[in-house]
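Listed here are the chains, written in short residue letters.
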Amino acid sequence: MKKKIKVLISACLLGDNVKYSGGNNLTPELVTLLEKYNVNIVKVCPECFAGLPIPRLPSEIKEGKVYSKDGRDITEEFLDGAEKTYEVVERKQADFAILKERSPSCGSSYIYDGSFSGKVIEGQGFTTRKLNEENIIVFSEENLEEIEKYLQELSK
């Protein structure tokens, strides 16, 4: 019998109110796709794992460090959240991850530029970087076609 596919997913994408603003980034098309393939979901929020509050000030990466909007360096918290997320991947034996694009933790292709002006640049969040270093494949919720192709491969 084949093992069930396990996917690590940013909790905000599934409707959990863990975003810095206290809201979520529910992505119904993603939920539908995951239900179609009947995957085991492992929810994570690296920023919550790091003990950051909800709500919290927005934070962005600048010059390799994470700063909250009031200028506080919170890089250590983000490194801690990334490490704890990786521990969950290992413990739960997740096959891959789907993380929130543009997040300073979870962005896989894009992040904000650190100016808090809404400008987006190419880059990765701290958790995505950690998972990539450990050879964990990370998709964003914006790549549903790629995710479906990968799920089809894993389902064979």
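Residues numbered from 1 in each chain as written. Predicted model: local features only at pLDDT ≥ 70, side-chain atom pairs only at ≥ 80, totals over all residues. Heavy atoms only, no water.

Participant: Break down the overall build of the protein for me, with residues and values.
Facilitator: The secondary structure content of the protein amounts to 5 helices and 8 strands. Walking the protein from its N terminus toward its C terminus, one meets helices and strands in the order β-α-β-α-β-β-α-β-β-β-α-β-α. For the protein, whose C-alpha radius of gyration is 15 Å, the value lies close to the compact-globule estimate of 15 Å for 156 residues. Dimensions of the protein along its principal axes, counting C-alpha atoms only, are 50 × 25 × 25 Å. Put simply, the protein has 156 residues, and 43% of those count as buried. The long-range share in the protein, meaning contacts at least 24 apart out of those at least 6 apart in sequence, stands at 65%. Averaging the locations of the 22 positively and 26 negatively charged side chains of the protein gives two centres separated by 4 Å. (Helix = DSSP H or I, 4+ residues; strand = E, 2+ residues; numbered from the N terminus. Rg over C-alpha atoms; globule rule 2.2 N^0.38 Å. Buried < 20%, exposed > 50% of the residue type's maximum accessible area, 1.4 Å probe, protein only. Contact = heavy atoms within 4.5 Å. Lys, Arg positive; Asp, Glu negative; His and termini not counted. Charge placed at Lys NZ, Arg CZ, Asp CG, Glu CD.)

Participant: Explain the environment of asparagine 24 to me, and be specific about the residues and the numbers.
Facilitator: Along the polypeptide, asparagine 24 turns up in the loop between strand E1 (6-10) and helix H1 (28-36). Considered as a pair, asparagine 24 and glutamate 145 are 121 residues apart in the sequence and their alpha carbons are 22 Å apart. Every residue in contact with asparagine 24, bar those within four places of it in the chain, is listed here: Cys12, Gly15, Asp16, Asn17 and Lys19. Of the polar contacts made by the side chain of asparagine 24, one reaches the side chain of asparagine 17; its length is 2.8 Å. Polar side-chain contacts of asparagine 24 include one of 2.9 Å to the backbone nitrogen of leucine 26. (Polar contact = N/O pair within 3.5 Å; in protein donor to acceptor, adjacent residues only side chain to side chain.)

Participant: Lay out unusual backbone geometry with the relevant residues and their values.
Facilitator: Residue proline 55 follows isoleucine 54 across a cis peptide bond; omega there is -10°. Looking at the element boundaries, proline 55 is found in the loop between helix H2 (46-49) and strand E3 (59-62). Located in the positive-phi region is phenylalanine 116, a residue other than glycine, with phi close to 55°. Tracing the backbone shows phenylalanine 116 in the loop between strand E6 (110-112) and strand E7 (120-122).

Participant: Any details on the pairing of E1? Residues and values, ideally.
Facilitator: With respect to burial, E1 is a largely interior element, 4 of its 5 residues being buried. Examined bridge by bridge, E1 and strand E2 (residues 40-44) share 5 bridges and lie parallel to one another. Looking across to E2, one finds that isoleucine 9 is bridged to lysine 43. Note on the crossover from E1 through H1 to E2: the handedness is right-handed. (Pairing = 2+ DSSP bridges. Right-handed = clockwise from strand over helix to strand, strands pointing away.)

Participant: Report on the side chain of glutamate 47, specifying residues and quantitative values.
Facilitator: Tracing the chain through its elements places glutamate 47 in helix H2. At a separation of 2.9 Å, a polar atom in the side chain of glutamate 47 contacts the side chain of serine 105. Excluding anything up to four places from it in sequence, glutamate 47 contacts Leu52, Arg56, Phe78, Ser103, Pro104 and Ser105.

Participant: Run through the pattern of salt bridges, naming residues and quoting values.
Facilitator: This structure, assessed with the given rule, holds 10 salt bridges. Among the salt bridges present, the one from arginine 56 reaches glutamate 47, with a minimum N-O distance of 2.9 Å. Take glutamate 47: its relative accessible area is 9%, and that puts it in the buried class. Lysine 65 is paired through a salt bridge with aspartate 73; the nearest N and O atoms lie 3.5 Å apart. Using a relative accessible area of 36% as the deciding quantity, one classes lysine 65 as partly exposed. (Salt bridge = Lys/Arg side-chain N within 4 Å of Asp/Glu carboxyl O.)

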